[in-house]
Amino acid sequence: MSQRVVILGAGESGVGAALLAKHKGYDCFVSDGGQLKAHFAQELEEAGIAYEAGQHTAAHVLEADVIVKSPGIPNEAPLVQKAMQAGIQVISEIEFGYRHCTGKCIGITGTNGKTTTTALTYHILKQAGLDVGVGGNIGQSFARQLIDYQPAYWVLEVSSFQLDNIDTFRPYIGMILNITPDHLDRYNNDFQQYVAAKFRLLKNQQPGDYFIYSLDDTTITQRLQTINSQSTHRPFSLTHEVAEGAYLKDEQIIINHQQNAFTMSIHDLALQGKHNQNNSMAAGIAARILEIRKDNFRDSLFDFK
């Protein structure tokens, strides 16, 4: 008998997860407390996936072996709590997709700038000719794309809500751009719970993986001192020179990877402003780790729209 996967929430991520589950041969059911958008309902019907709208029938939901939960539904929701107490695994669509993904993932999170940095990193890799997809909170859901697309690399924008429900998700390159108080209603008004959610990005990293972060963000640097991280760290900074990573000096961004330096004037960057210098440095470190040629990478930082 096939495993039963119940998907809570029928937006882009939920419907994507349902379609992937069906494709992989799971017994699958979708439950949404609200009304479905017509095109999502049509997709589920055409795929022969059972669903309900306007309610969550506990009896149906709690028959699951695995629940894939929409990022919009908090872990504190009574039905989610009931499922967890019953020993049912509750995961995010990012985690579900990752279990069926053969490529290496670049996971990007942060309170601000993650969409821009995800799009820029994808642009750099794509322009360099790498076999690469983009997903997460940007464009089509990760799970949906995995049905017929398995590139060598994925650039994924991941939110704290998605990271709350990962289990095995392991980015080859993880980035935390910055952390400032946000979404605290979902974290019991406890900033440290939100920080911990962001840092779940590093949970499964191993030696040989990379972690890119802002050296100027004291929330990040303080948290790093309290955890046992396995990956190689590559900081970026607007104010401090770093031996390996990226920094700003005399209006040049300098990216060092394995004693090999790349420099570019901030005036040549497509993205202007201090926050975008950070975003460009973070994406740039990832490009150097992936050994993208300097001229390719320079062109991408210059012509990104």
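In short, a report on the structure. What you are looking at is a predicted structure, and each value in this text was computed from that prediction instead of being measured. (Residues numbered from 1 in each chain as written. Predicted model: local features only at pLDDT ≥ 70, side-chain atom pairs only at ≥ 80, totals over all residues. Heavy atoms only, no water.)

## Focus on the packing of aromatic side chains
Reasoning step 1: Scanning all chains against the criterion turns up nine aromatic pairs.
Reasoning step 2: Ring centres of Y26 and F96 lie 5.7 Å apart, and the angle between their planes is 55°; on these two criteria the pair is classed as tilted. With Y26 in the loop between α1 (12–23) and β2 (27–32) and F96 in helix α5 (residues 93–98), this residue pair connects regions lying 70 residues apart in the sequence.
Reasoning step 3: The class for F96 is buried, based on a relative accessible area of 2%.
Reasoning step 4: Each ring, one from Y98 and one from F169, has its centre 5.3 Å from the other, and the planes form 85°; the classification is edge-to-face. Residue Y98 is found in helix α5, and its partner F169 is found in the loop between α8 (160–163) and β9 (173–176); the two are separated by 71 residues along the sequence.
Reasoning step 5: Among the aromatic residues, those joined into a cluster by ring pairs are F142, Y149 and W154.
Reasoning step 6: Above the face of the Y172 ring, K104 is positioned so that its terminal group lies 4.2 Å from the ring centre. (Phe/Tyr/Trp six-rings, centres within 6.5 Å; stacked < 30°, edge-to-face > 60°. Helix = DSSP H or I, 4+ residues; strand = E, 2+ residues; numbered from the N terminus. Buried < 20%, exposed > 50% of the residue type's maximum accessible area, 1.4 Å probe, protein only. Lys NZ or Arg CZ within 6 Å of the ring centre and 35° of its normal.)

## Quick word on the packing of helix α6 (residues 114–127) against helix α11 (residues 274–289)
Reasoning step 1: Look at α6 against α11: their axes get within 9 Å of each other, and the N-to-C directions meet at 40°. The pairing of α6 with α11 is recorded here as oblique in orientation. For the element pair α6 and α11, the recorded crossing hand is right-handed. Touching T116, T117, L120, T121 and I124 of α6 are N276, N279, S280, A282, A283, A286 and A287, all from α11.
Reasoning step 2: The residue makeup of the contact of α6 with α11, split by class, is six nonpolar, six polar and no charged. (Axes fitted to C-alpha atoms, helices over the stretch in contact; angles between N-to-C directions. Parallel < 35°, antiparallel > 145°, perpendicular 65-115°, else oblique. Left-handed = near helix turned anticlockwise from the far one by under 90°. Contact = heavy atoms within 4.5 Å. Nonpolar A, V, L, I, M, F, W, Y, C, P; charged D, E, K, R; others polar.)

## Some details on the packing of α11 against helix α12 (residues 294–303)
Reasoning step 1: Interaxial distance between α11 and α12 falls to 11 Å at its minimum, and their mutual angle equals 155°. Looking at the two axes, α11 sits roughly antiparallel to α12. Judged by the sense of rotation from one axis to the other, the crossing of α11 with α12 is right-handed. Residue-level contacts link S280, G284, A287 and R288 of α11 to K294, F297 and L301 of α12.
Reasoning step 2: Residue composition of the contact of α11 with α12, by class: three nonpolar, two polar and two charged.

## Regarding the sheet that holds strand β4 (residues 66–69)
Reasoning step 1: Overall, parallel pairing links the five strands, which are arranged β3-β2-β1-β4-β5 in an open sheet. Looking at the sheet topology across the chains shown, the edges are occupied by β3 (50–53) and β5 (89–92). Between one strand axis and the next, the sheet turns by 20° as a mean value, whatever way the strands run.
Reasoning step 2: Bridge analysis of strand β1 (residues 4–8) against β4 gives four bridges, and the strand direction is parallel. From the neighbouring strand, V5 faces β4, where its bridge partner is V66.
Reasoning step 3: Sitting on the sheet, helix α4 (residues 78–85) is in contact with β1, β4 and β5, with an inclination near 125° to β5. (Pairing = 2+ DSSP bridges.)

## Section: the sheet that holds strand β10 (residues 210–214)
Reasoning step 1: With respect to topology, nine strands assemble into an open sheet ordered β7-β8-β6-β9-β10-β11-β12-β13-β14, the strand pairing being mixed. The sheet is open, and its two edges are formed by β7 (132–136) and β14 (260–265), each paired on a single side. On average, adjacent strands in this sheet sit at an angle of 15° to one another, irrespective of strand direction.
Reasoning step 2: Pairing geometry for strand β6 (residues 104–109) and strand β8 (residues 153–157), over five bridges, is parallel. Bridge pairing in β8 links G107 to L156.
Reasoning step 3: Contacting β6, β7, β8 and β9, α6 crosses the sheet at an angle of about 165° to β8.
Reasoning step 4: Taken strand by strand, α11 contacts β9, β10, β11 (232–237), β12 (245–249), β13 (252–257) and β14, and its axis lies near 150° from that of β11.

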